[in-house]
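# Structure assessment
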Amino acid sequence: MTATHCPYCALQCGITLEPADSGTTLSGRDFETNGGALCRKGFSAAKLLEHPQRLDTPMLRQADGSFAPASWDDALDLVAEKARSIRAESGADAVAMFGSGSLTNEKAYQLGKFARLALGTSRIDYNGRFCMSSAAAGSNRAFGLDRGLPFPLADLDTASMILMLGSNVADTMPPFVRHLETVRKRGGLIVVDPRRSATAKLSAEGAGWHLQPTPSTDLQLLLGLAHVVLAESLADTGYLKARTTGLEALRSSVAAWWPERTAKVTGVPAEAIRRTARALAAAARAAKNGGHPVYILTGRGIEQHANGTDTVTAAINLALLLGLPGTLAGGYGTITGQGNGQGGREHGQKCDQLPGYRKIADPAHRAHVAKAWGVDPGIIPGPGIPAVELLNALGTEGGPRMLMVHGANPVISAPDATRIFSALRRLDFLVVCDFFLSETAAEADLVLPVLQWAEEEGTMTNLEGRILRRRAAVAAPGQAKSELWILSQLADRLDAPGTFSSDAAEVFEELKRASAGGIADYSGVNWQDVDQGAAIYWPCPEGSAISTEPGTRNGTPRLFLENFAHPDGKAKIVAVHAPATLPAQQISLVTGRLLEHYQSGAQTRRVDELAAAAPEAALEIHPSTALAHQISDGQRVEVSNQRGTTIARANLSSDMRLDTVFLPFHFPGTGTANLLTDPRVDPVSSMPEFKHAQVSLNPIKGEN
Ligand SMILES: Nc1nc2c(c(=O)[nH]1)N[C@H]1C(S)=C(S)[C@@H](COP(=O)(O)OP(=O)(O)OC[C@H]3O[C@@H](n4cnc5c(=O)[nH]c(N)nc54)[C@H](O)[C@@H]3O)O[C@H]1N2
Ligand SMILES: Nc1nc2c(c(=O)[nH]1)N[C@H]1C(S)=C(S)[C@@H](COP(=O)(O)OP(=O)(O)OC[C@H]3O[C@@H](n4cnc5c(=O)[nH]c(N)nc54)[C@H](O)[C@@H]3O)O[C@H]1N2
Ligand code: SF4
Ligand SMILES: [Mo]
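Parameters at a glance
What you see as residue numbers is a count from 1 along each chain, following the sequence as written. Lettering of chains starts at A and numbering of ligands starts at 1, both following the order in which they are written. In view of the model being predicted, local features appear only for residues whose pLDDT reaches at least 70, and side-chain atom pairs are presented and counted only at 80 or more, with totals across whole chains, interfaces and linings using the full set of residues. Hydrogens and water are ignored here; the side-chain numbers use all heavy atoms of the structure. The numbering of helices and of strands both runs from the N terminus, where a helix is a DSSP run of H or I of at least 4 residues and a strand a run of E of at least 2. Atoms counted for the radius of gyration: C-alpha only. Globule rule: 2.2 Å times residue count to the power 0.38. Throughout this description, buried means an accessible area under 20% of the type-specific maximum (1.4 Å probe, protein chains only), exposed means over 50%, and partly exposed covers the range between. In this analysis, two residues are considered to be in contact whenever any of their non-hydrogen atoms come within 4.5 Å of each other. Positive charges are assigned to Lys and Arg, negative charges to Asp and Glu, while His and the chain termini are left out of the count. Think of each charge as sitting on NZ of Lys, CZ of Arg, CG of Asp or CD of Glu. UniProt positions are given in the numbering used here, feature names are shortened, and annotations may be inferred rather than shown by experiment. Note on definitions: angles span 0 to 180 degrees between N-to-C directions of axes, and those axes are lines fitted to C-alpha atoms, for helices only across the stretch in contact. An angle below 35 degrees is treated as roughly parallel, one above 145 as roughly antiparallel, one from 65 to 115 as roughly perpendicular, and anything else as oblique. Crossing handedness is read from the near helix: turned anticlockwise from the far helix by less than a right angle, it gives a left-handed crossing, and turned clockwise, a right-handed one. When residues are grouped by polarity, Ala, Val, Leu, Ile, Met, Phe, Trp, Tyr, Cys and Pro land in nonpolar, Asp, Glu, Lys and Arg in charged, and all others, Gly among them, in polar. Note that domain bounds follow an automatic or database assignment of domains. Summed over both partners, the accessible area (1.4 Å probe) lost when two parts come together is defined as the buried area. A pair is scored as a salt bridge if a Lys or Arg side-chain nitrogen falls within 4 Å of a carboxyl oxygen belonging to Asp or Glu. Side-chain atoms alone can form a polar contact between residues adjacent in sequence; in general such a contact is a pair of N or O atoms within 3.5 Å, and within protein one must be able to donate a hydrogen while the other accepts it. Near residues are defined by distance, with any heavy atom within 4 Å of the molecule or strand qualifying the residue. Think of it this way: DSSP has to see at least two bridges between two strands before they count as a pair.

An unreviewed UniProt entry annotates the protein as Molybdopterin oxidoreductase family protein of Glutamicibacter halophytocola.

Listed below in structure tokens is the structure:
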């Protein structure tokens, strides 16, 4: 029997795996985030093990386009030879890497090190750019530090009020909902979503409320809420003075967002804006007088926009006006998405980053990491380019000619998928490491079969910044190998400086040294303590006392209680601005997730019961909108714009606004929602505009 965690999302629910004659059985384990409960994906995750489509040998593309098995020696020799020759011809930046928030901490760390030392390239970024980058940029800017939840998840259990913007945890993290039970009963759950999502319904059932704005107007809505708080003198002036800077600029930036004007842009009635601001302020005041805490939480719905960083900033500013962050009266948090979406953004696979959340352009940071790596700082390349730019540069004049992908399926999940397809096809050599033949792996010249979650050792950092053990419970099939082994073999073949261990515990020791003194400091975390289930939250500097007693929290469970992470110890209020007029709307497309599928669907579409429950892309559309477009329920519809056409089956639902349709992004081929999405990126975070595109709708005639 092995105690480990679910392979999918950042809630990292506790599970137990047990070998059985009929295959491995999986059950929910009592862990703080899930209390033994699992969602349908987690519950069926054992079906990924011993799966008939599991890759178990390296596969090399042949002249006729088919794949043929190759030996590991041949495969690794070929990767090294290609990397060397392309580097010799076109320079080190001609070889690129793409990583993932699914990778363990050790793999994420090793990937960043491998890129910089073994390949000598600056061209590395990862799929977390599509996920947490705006939230991270907002938190870094305001607090000087980015840890998704700066408090344990269980702190939400006692809340009197939670404003939840653009997050649909009822579908995306169902066991999370147990942490909302009390706030729902208190009538304090306020959900902001253009859809009446499963989470929005929870708020209404619990006597909370649902604000259903025009897509992409959350920034204006938040400015409107801040306006009311300031105009009605509801802000916590003592806190603002003691703990923040920048209030004056905020005052002028929200001055013009009085409720009636905000209502015009957002479609949220002025009265609802006033009511929400007043309720939040009253609850915050009560919290500080010994009442229950108040939280503002954000999800991808407000973050995955070309103005995502500013919108997150506006959410944080509202929390600061209410005097919440860094107190026991509540706070701001973003709900991290991928299994290791938190650790994945700390250890150096971001294009501008070194381990410990250090900056690659900072000489002191470079010197520290170079010492940990045993190399001269001068050989560490400078900053690279973020994901969308990197993917679009592939195979262009001066762009990367070779790419290695670890844990991502950008053919389905990157914006403007048509462009991504042609970019991958322009490459001289594409290597994809995966355990299934994902749509991206199917484009590769070489596919390397790797271990999956229940076959490998390592650590993950969950949405609270808590470090967890992932454990091997079953043997890997065929010749599948650990990515740490692959990277160490390749480092040898490339005569890389430094050492590349293939042992997770050893890599963790090195990661600790590299992170020491950094923002995400793991140097006081012992593998053995994590192994024994100690609750440890970073930062955890060397010498921290650690207790494995159940119920004890170690490291820093709650951040900012004394100081924020900026040198002056204060939170920075950054004034942000929004246009008052919106472009003329056709139909707005918003994209997101279904309960049954995970991300690009490479894993969950292979689980029969999940595939049967949600077999293809469905277009959620309001019955009146459908009628106006002569679309009937269940009919196939072409959803089109200048970038492409996605075909999906209409699912009529009065949960939608009249001007908005919804597509999940989990499906391949003509069902790929990202054929329509806009590759325009946020100027600060480089997050693409996933959540909003203009589309037209055409029912496919002759079918209904
Ligand atoms: N079932 C399932 N669970 C998952 C995942 C999965 O793929 N499937 N992925 C995991 C990962 S990596 C992530 S990042 C999380 C994401 O978790 P969430 O953030 O909860 O997921 P999304 O469905 O992308 O978006 C949430 C909501 O944003 C709304 N939305 C869209 N546009 C807007 C807008 O302009 N404003 C507002 N206010 N809301 C908007 C959508 O209607 C949707 O209900 O889920 C994790 N859990
Ligand atoms: N339109 C639209 N697009 C979106 C989003 C959206 O809301 N709307 N959300 C975005 C978000 S938040 C995210 S996180 C991205 C995610 O999108 P992707 O990057 O495509 O993520 P996954 O589908 O999880 O892809 C992971 C792949 O890696 C494999 N894999 C899993 N673990 C490992 C491992 O340890 N090693 C290796 N080598 N392979 C592994 C899986 O089998 C799978 O093929 O999608 C983004 N795209
Ligand atoms: S909520 Fe997330 S971690 Fe929990 S079982 Fe579902 S997918 Fe797994
Ligand atoms: Mo994500």
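Continuing now.
A count of helical and extended segments in the protein gives 23 helices and 31 strands. Here the protein has a C-alpha radius of gyration of 24 Å; the compact-globule value for 704 residues is 27 Å, and the two agree. Principal axes of the C-alpha set define a box for the protein whose edges measure 70 × 70 × 55 Å. Within the protein, the proportion of its 704 residues that are buried is 64%. Relative to all contacts within the protein whose residues are 6 or more apart in sequence, the contacts with residues 24 or more apart total 73%. Side chains of the protein give 66 positive and 73 negative charges; the mean places of these two sets differ by 6 Å.

Glancing now at the UniProt feature "domain: 4Fe-4S Mo/W bis-MGD-type" (unreviewed entry) in the protein. UniProt's entry tags residues 1–51 with the feature "domain: 4Fe-4S Mo/W bis-MGD-type" (unreviewed entry), counted in the numbering of this structure. Each end of residues 1–51 is marked by a C-alpha atom, and these two atoms are 20 Å apart; helix forms 8% of the span and strand 25%.

One way to put it is that helix α8 (residues 218–231) packs onto helix α12 (residues 270–288) with a least axis distance of 9 Å and a crossing angle of 60 degrees. Of the possible angle classes, the one that applies to α8 and α12 is oblique. Taken as a pair, α8 and α12 cross one another with a handedness that is right-handed. In contact with Leu221, Gly224, Leu225, Val228 and Val229 of α8, α12 contributes Ile273, Arg274, Thr276 and Ala277. In terms of residue class, the contact of α8 with α12 is made up of six nonpolar, two polar and one charged.

On domain assignment, one finds that the protein holds domain 1 (2–48), domain 2 (62–125 + 340–544), domain 3 (149–335) and domain 4 (587–699). Centre-to-centre separation of domain 2 and domain 3, based on C-alpha positions: 36 Å. Carbon and sulfur atoms supply 64% of the area buried between domain 2 and domain 3, which totals about 420 Å² over both sides. By the criterion of area lost to domain 3, the three top residues of domain 2 are Leu463, Glu464 and Tyr537, representing 91% of everything that side buries. On inspection of domain 2 and its partner domain 3, the count reaches zero salt bridges. The tally of links between domain 2 and domain 3 comes to two residue pairs in polar contact (both at pLDDT 80 or more). Among the residues making up the side of domain 2 that touches domain 3, the classes are represented as two nonpolar, no polar and two charged.

Lining the immediate environment of ligand 3, one finds Cys6, Tyr8, Cys9, Leu11, Gln12, Cys13, Leu38, Cys39, Lys41, Gly42, Met173 and Pro175. When the residues that make up the shell around ligand 3 are grouped by side-chain class, the tally is nine nonpolar, two polar and one charged.

This part takes up the environment of Gly291. With respect to the helices, strands and loops of the structure, Gly291 is situated in the loop between α12 and β12 (294–298). Expressed as a C-alpha distance, the spacing of Gly291 and Ala159, which sit 132 residues apart in the sequence, is 9.0 Å.

Moving on: the environment of Met59. With respect to the helices and strands, Met59 occurs in strand β4 (residues 59–61). Residue Met59 is classed as buried on the basis of its relative accessible area, which comes to 16%. Through-space distance from the C-alpha of Met59 to that of Asp445 is 8.3 Å; in sequence the pair is 386 residues apart.

Spatially, β10-β9-β8-β12-β13 is the arrangement adopted by the five strands of the open sheet, whose pairing is parallel. The open sheet is flanked by β10 (209–211) and β13 (330–334), the only strands paired with a single partner. Direction aside, neighbouring strands of the sheet carry axes that sit 15 degrees apart on average. In the sheet, strand β8 (residues 161–165) pairs with strand β9 (residues 189–192) via four bridges, with the strands oriented parallel.

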